[in-house]
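Here's the letter readout for the chains.
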Amino acid sequence: MTSRFRSLLTALVVLAVPLPALAAPGGTATMTGSASATIITPISIVATAPLSFGVMARPTAAGTVTVSTAGAVSTTGGMVGNTAIAQGSSGPQAGKFRVTGDPGRQFFVTLPAAATVTRSGGSMTITLFTVGALTGSPVGTLDIAVGGTLAVGAAQPIGTYNGTYQVTASYN
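Conventions we followed
Residues numbered from 1 in each chain as written. Predicted model: local features only at pLDDT ≥ 70, side-chain atom pairs only at ≥ 80, totals over all residues. Heavy atoms only, no water. pLDDT = per-residue confidence, 0-100. Helix = DSSP H or I, 4+ residues; strand = E, 2+ residues; numbered from the N terminus. 1 Å grid on protein atoms, 1.4 Å probe; cavity = no way out; pocket = protein on both sides within 12 Å on 5 of 7 lines; lining within 4 Å. Points joined across faces, edges and corners; volume = space filled by probe spheres on them. Core = buried A, V, L, I, M, F, W, Y, C linked by side-chain atoms within 4.5 Å. Buried < 20%, exposed > 50% of the residue type's maximum accessible area, 1.4 Å probe, protein only. Contact = heavy atoms within 4.5 Å. Salt bridge = Lys/Arg side-chain N within 4 Å of Asp/Glu carboxyl O. Polar contact = N/O pair within 3.5 Å; in protein donor to acceptor, adjacent residues only side chain to side chain.

**Q** I tried to follow the confidence of the model for the protein chain on my own but got confused; where do I start?
**A** A residue-level look at the protein chain finds 81% of positions with pLDDT of 70 or above and a mean pLDDT of 85. Within the protein chain, strand β6 (residues 114–119) carries the highest mean pLDDT (97), whereas helix α1 (residues 3–16) carries the lowest (54).

As structure tokens, then:
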């Protein structure tokens, strides 16, 4: 083995053995990052009063009864002039809900496109749901009112119609 070949073999062995990496001066930097987490009050919504279209006489022509978020009633078609709507203790009223959540946090309300009230042998559809202005305190509790329009058919079967609809409150 010649000395030149031995030097080449020694160089190859040195290259094959892993050596610790040596950083050049100024070649490393470390920074501390920050992390955080916030727990908020879960949002909740409860119904406090039902949406009621009141007591009405059966029409001979189809029409609608609208209850505004303030509880005002308007009618169209065969329901125009139906004086029975505002009578009795079962008068019309807006639906009421109470939303509770994190104080100062914004939320939005989602209303259904339609809902159905039924009785044996009949049904009616509620559409055009609306939500009124939010009222309440800055401590995380707000009340909302919901109105809608009830489609009453010609010669609608007599009886009490009941149903449900969903109102969703979600944080922005």
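**Q** Looking at this model, I keep getting lost on the layout of surface pockets. Mind explaining?
**A** The rolling of a water-molecule-sized probe over the atoms marks out the regions of remaining empty space. Here the largest pocket defines a volume of roughly 730 Å³. If you trace the largest pocket, you find 31 residues lining it, with Phe 53, Gly 54, Met 124, Thr 160 and Tyr 161 closest to the centre. Broken down by secondary-structure element, the contributors of at least two residues to the lining of the largest pocket are β1 (44–49), β6, β7 (122–131) and β9 (141–152). The biggest single contributor to the lining of the largest pocket is β6, with 3 residues.

**Q** It is not clear to me how the nonpolar core should be interpreted in this structure. Could you clarify?
**A** Note on soluble globular proteins: their nonpolar side chains tend to be buried together. Judged by nonpolar contacts, the single largest core of 21 residues is most densely connected at Phe 53 and Leu 150. Elements with a minimum of two residues in this core: β2 (63–67), β4 (95–100), β6, β7 and β9. No other element matches β9, which puts 4 residues into this core. Discounting chain neighbours no more than four positions away, the residues touching Leu 150 are Phe 53, Met 56, Gly 63, Thr 64, Val 65, Val 117, Met 124, Thr 125 and Ile 126.

**Q** Would you explain the pattern of salt bridges in this entry?
**A** Side chains that differ in sign of charge can pair as their charged atoms come close. Evaluation of the coordinates by the stated rule reveals 2 salt bridges. For the salt bridge of Arg 98 with Asp 143, the shortest nitrogen-to-oxygen distance reads 2.7 Å. Taken together, the residues Arg 98 in strand β4 and Asp 143 in strand β9 connect sequence positions 45 residues apart. A salt bridge links Asp 102 to Arg 105; the shortest N-O distance between them is 3.4 Å.

**Q** What am I meant to see in unusual backbone geometry here?
**A** Residues apart from glycine generally show negative phi values, whereas peptide bonds are mostly found in trans. A positive phi angle is found at Leu 128, which is not glycine, with a value near 50°. Note that Leu 128 resides in strand β7. Here Leu 128 falls in the exposed class, since its relative accessible area comes to 60%. One non-glycine residue with positive phi stands out, namely Ala 155, at about 55°. For Ala 155, a relative accessible area of 48% corresponds to the partly exposed category.

**Q** Would you mind going over the environment of Pro 42 with me for this structure?
**A** With respect to the helices and strands, Pro 42 occurs in the loop between α1 and β1. In this view, Pro 42 contacts Thr 100, Gly 101 and Tyr 171; residues no more than four positions away in its chain are not counted.

**Q** How should the side chain of Gln 156 be read in this particular structure?
**A** Looking at where Gln 156 falls in the secondary structure, it is placed in the loop between β9 and β10 (168–171). A polar contact is formed between the side chain of Gln 156 and the backbone nitrogen of Gly 153, at a distance of 2.8 Å. The contacts of Gln 156, once residues within four sequence positions are left out, are Arg 58, Ser 123, Met 124 and Tyr 161.

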